[in-house]
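Structural characterization, general
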Amino acid sequence: FILKFRVEGLTEPRYPDMLRKMAEENQMHLDVNYGHLQQWSAQLALWVADYPLQILPLLNQTLLEEAARKFGTYRNMVEAEETELRVAVHSFPVREPIRELSTRHLGKLISVNGVVTKRLKVNNEIKRLYLRCAKCNFLSPPFDVESDKDLKPGSCIECQSKGPWKVDRQQTLYRNHQKATIQESPSSVEPGKMPRSKTVILTGDQVDSVRPGDELQLTGIYKCLYDAGTNASTCFPVFRTEISAVHVHRRGDVKLIEITDDKQAQILELAKDPNIRERFIASMAPSIYGMKHVKTAIALSMMGGQSKLTAGKHRIRGDINTLIVGDPGLAKSQFLKYIEQTFPRAIYTTGKGASAVGLTAAVTKDENGDWGLEGGAMVMADDGMCLIDEFDKMNEVDRTSLHEAMEQQTITLSKAGIQATLNARASILASCLPKNTYYEPTQPLHKNCELTPPIMSRFDLMFVMQDIHDETNDNNVARHILDLHRRGENAETQPVLNQLELQRYIRFARFHRPKLTPGAHERLVKCYKKLREDRTYVRGACGVTVRQLESLMRLSEAIARVHFEDKVTLEHVNMAFELQMSTLKRAERENIDLEGPDAGGEAAAADGAEAGADDSAEGAGRASAPARPKRMKITFPEYQRIGQMLTRYLWQKEEAGEEVKEEDLVAWYMEQVEQDIQTEAQLEEQQSLVQLIINRMIDKDRVILIYRQSEDPLRPEGRVLLKHPNYPVGELITS
């Protein structure tokens, strides 16, 4: 089989090349596809499935002999009577859930999927035992030690004595032995049931090949062992079961995704597209409508920056932490669930269901009474992403435990005599609700969410999602959601890049290491100084720190990785700076000062000074415009809502061929809101408000044009207004 088996469609035998590769890399196992065994000999495949304890040692011995015949390394193993080489059978067609393993599987080959939750230390297990007679010191023949068989040395060949015996430690052969615990994947567990777990035995070169958090596709032998402790507690015979690993395949590791030369060529060709960033962002969560700024943050978090080790052995993190603050019903949890399904290694947890120990690490006792470490969500998400939903529901003490993990990316434990430092090199994506359920745009971000300044300063990006009432957007969202419900999987939400292409692109891009150019270096310094000087940019009580400079660097590198650029350019830094500013400016711009075109700053002061000196000149200057109402403040969503109402009305009248005077536009708006007006003061306030909004849309935003001035200078509100022809109705109104 090893020498002659050919895959259908190929002329060369498959396994001689794999045998040579195994020898080149000095590996101790040969991966053999179970389907290939079936094609070669159905009887042999059946024996491997039903009697692996008897058949696999024969296959291992055959493999060792063939390898020793071709390669000198393995010839030395035969001379030393070592049998470490093994056949690792994989792709077993019958997959069994862990909870359905029963007596009919005992002693047979099985294939299960699960997540590693615990890994114990590596021990030395006796594989071949050599004994010497304590009386005559004669060396007895070797004994192959097996856990399910009793060791009975018998009598000494030289002196016929039946003991005592002593172990010849130099002749005795040992092998690595490690226990791990595999648990059902959370997604496969039915609601209301606890996930089941099984002990897995790793031997030889399998030890330390998995770590907590890895999702495994495990092929092994289901064994039962006599458990004296359980028998004593239950008072009747009970056998403990475990899985002896034959083949271990780690799923969900970015570094292990296979990318062939053809796929690399496709990815590099895709990266040449000048619009690849937009295409990449558009492929994020296609079932969620809009939210481009959040999808941008998710895309850059997946890419990440590059970690650095300074001369003083100080490690600077490269992972990007993102916080999403949003009103209810805006698909925050759906974004996190999408990342869990898409990113190769992602751990999802909720703030209410997670404790400090569950997020970091715990010290537990094993069945032998020894203390061991059990990793939490951050440790299991190492080299991946940790997704925390309902971040605001977490206790303050539990949230404090994330300080070290978010910046130093390590978790230090000093418990039960164990002093350990665990890696937690994961980017955190957290979502939370505002303090009063809905975001208040008139308040700064740190007053809208109950997070401490140290935590907020550790987030590279913070986004605000608001449920803004907009007729056009609501119509588009409703159509999109109903289309999903009506068509299901056949809905027209196909992304630009499918999920597999995204995973390959991310994996390949994360190995890219762009370098900083001198121009980008100078620009980063200027951007940081601008952030420090801008007093309106407030990140809670902590202000702008050096962490924001490192955030700019990481974001710039992530953008360069999306484009597969070898250098971080000025353009990348500008994009990162705009994104960094927009994270909070998006919320801060909600406060709009409604005033005349010349008001504000020094111009307003100059106007005020001139007003007392020359009233007649000012009156003459304003003869052609309506009297300016007093200064007012309005939130950004409200300004958008009213402004789009006015432009839509102007567009409808224009389509009907009718002219609209300013006084008619104000009167129409007052008719729309008259049911909300209760007092005369409210009436005057609404009239002043709509007048200010019209003035701003004419003078600053230039969305409304003055088609013809009023014929009566004493009645400037008689001027005819028109919607700007380049402004699409329903679009965002910006200056």
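Residues numbered from 1 in each chain as written. Predicted model: local features only at pLDDT ≥ 70, side-chain atom pairs only at ≥ 80, totals over all residues. Heavy atoms only, no water.

1. Quick notes on the sheet that holds strand 22 (residues 461–465)
Using the following cut-off: One bridge is not enough; two strands pair if DSSP finds at least two bridges between them. Helix and strand definitions follow DSSP, with helices as H or I runs of at least four residues and strands as E runs of at least two, each counted in order from the N terminus. The axes are straight lines fitted to the C-alpha atoms, using for helices just the contacting stretch, and the angles between their N-to-C directions are given from 0 to 180°. Here, two residues are considered to be in contact whenever any of their heavy atoms come within 4.5 Å of each other.
If you trace the 5 strands from one edge of the open sheet to the other, you get 15-18-21-14-22, paired in parallel fashion. Edge positions in the open sheet fall to strand 15 (346–350) and strand 22, since each of these has one partner strand only. Looking at each pair of strands side by side, their axes are set apart by 15° on average, direction ignored. Along the sheet, helix 9 (residues 292–303) makes contact with strand 14 (322–326), strand 18 (385–389), strand 21 (427–432) and strand 22, crossing strand 22 at roughly 155°. Against the sheet, helix 10 (residues 332–342) contacts strand 14, strand 15, strand 18, strand 21 and strand 22, and its axis sits at roughly 155° relative to strand 18.

2. Some thoughts on helix 3 (residues 42–50)
Inclusion rule: When a residue's accessible area, from a 1.4 Å probe over protein chains only, is under 20% of the maximum for its type it is buried; when over 50% it is exposed; and in between it is partly exposed. To obtain the arc, one takes the directions from the helix axis to the C-beta atoms.
All of the buried residues along helix 3 are Ala45, Val48 and Ala49. Projected onto a plane normal to the axis of helix 3, the buried residues spread over an arc of 95° and lie on a single side. Of the surrounding elements, those touching the buried residues of helix 3 are helix 2 (34–40), helix 4 (52–70), strand 2 (86–90) and strand 3 (109–119).

3. Some points on the nonpolar core
Our working rule: By nonpolar core is meant a set of buried Ala, Val, Leu, Ile, Met, Phe, Trp, Tyr and Cys residues that side-chain atoms within 4.5 Å join together.
Ranked by internal contacts, the top residues of the largest apolar core, which has 57 residues, are Phe280 and Ile339. Once you skip the residues sitting within four places of it in the chain, Phe280 turns out to touch Ala299, Met303, Leu497, Leu502, Tyr505, Ile506 and Val562. Of all hydrophobic cores here, the second largest spans 39 residues; its members include Ala377, Phe391, Ile418 and Ile455.

4. Considerations on the environment of Glu65
Mapped onto the fold, Glu65 is located in helix 4. Residue Glu65 is classed as partly exposed on the basis of its relative accessible area, which comes to 48%. Sequence separation between Glu65 and Leu85 is 20 residues; the distance between their C-alpha atoms is 9.8 Å.

5. A few points about the pattern of salt bridges
Put simply, the rule is: By salt bridge we mean one thing: a side-chain nitrogen of Lys or Arg within 4 Å of a carboxyl oxygen of Asp or Glu.
Counted according to the given criterion, the structure contains 20 salt bridges. The shortest N-O distance in the salt bridge between Arg69 and Glu66 comes to 2.5 Å. With a gap of 3 residues between them, Arg69 and Glu66 both fall in helix 4, about one helical turn apart. By relative accessible area, which is 12% here, Glu66 ends up buried. Across the salt bridge formed by Arg554 and Glu550, the nearest N and O atoms sit 4.0 Å from each other.

6. Some points on the sheet that holds strand 27 (residues 660–661)
With antiparallel pairing, the 3 strands of this open sheet are ordered in space as 27-29-28. The open sheet has two edge strands, strand 27 and strand 28 (704–708), and neither has a second partner. Pairing geometry for strand 28 and strand 29 (residues 720–723), over 4 bridges, is antiparallel. Bridge pairing in strand 29 links Leu705 to Leu722.

7. Regarding a nonpolar patch on the surface
Rules: A residue counts toward a patch only above 30% relative accessible area and without a salt bridge, and it is joined to like-charged neighbours within 9 Å or, for Val, Leu, Ile, Met, Phe, Trp and Tyr, to nonpolar neighbours within 5 Å. Method for areas: the Shrake-Rupley scheme with a 1.4 Å probe, in which residue coverage is limited to the protein chains shown.
Taken together, the side chains of Ile126, Val145, Val167 and Tyr174 define a hydrophobic patch exposed on the protein surface, amounting to about 280 Å² of accessible area. Its location among the elements puts Val145 in the loop between strand 6 (143–144) and strand 7 (165–167).

8. Remarks on unusual backbone geometry
Phi at Ala331 is positive, roughly 65°, even though this residue is not glycine. With respect to the helices, strands and loops of the structure, Ala331 is situated in the loop between strand 14 and helix 10. The phi torsion at Thr437 lies on the positive side, around 70°, for a residue other than glycine. Tracing the backbone through its elements, the reader meets Thr437 in the loop between strand 21 and helix 15 (445–448).

9. Looking at the confidence of the model for the chain
Put simply, the test is: The pLDDT value tells you how sure the predictor is about a given residue, anywhere from 0 up to 100.
Per-residue confidence for the chain averages 78 on the pLDDT scale, and 83% of its residues sit at or above 70. Contacts of residues 536–541 to residues separated by more than four positions or lying in other chains number 23 contacts, the stretch itself having pLDDT below 50.

10. Side note on the packing of helix 9 against helix 18 (residues 499–510)
Put simply, the test is: Oblique is the label for every angle not falling under 35 degrees (roughly parallel), over 145 degrees (roughly antiparallel), or within 65 to 115 degrees (roughly perpendicular).
Orientation of helix 9 relative to helix 18, taken along the N-to-C sense of each, is 55°, at an axis distance of 9 Å. When the axis of helix 9 is compared with that of helix 18, the two are oblique. Contacts between helix 9 and helix 18 involve Ser301, Met302 and Met303 on the former and, on the latter, Tyr505, Ile506, Ala509 and Arg510.

11. Description of the pairing of strand 20 (residues 418–423)
Residues Ile418, Ala420 and Leu422 line the buried face of strand 20, whereas the alternating positions Gln419, Thr421 and Asn423 sit on a face that is not buried. Strand direction decides the pairing type here: strand 19 (residues 410–415) and strand 20, joined by 6 bridges, are antiparallel. Opposite Leu413, over in strand 20, you have Ala420 as the bridge partner.

12. Examining the side chain of Gln178
Defined as follows: By the criterion applied in these results, polar contacts are pairs of N or O atoms within 3.5 Å in which, for protein atoms, one can donate a hydrogen and the other can accept it, and in which residues neighboring in sequence qualify only through two side-chain atoms.
Its location among the elements puts Gln178 in strand 8 (residues 173–183). The buried category is assigned to Gln178, whose relative accessible area is 1%. Polar contacts involving the side chain of Gln178 include one to the main-chain carbonyl oxygen of Leu120, which spans 2.8 Å. Among the polar contacts listed, one links the side chain of Gln178 to the backbone nitrogen of Asp208, at a separation of 2.8 Å.

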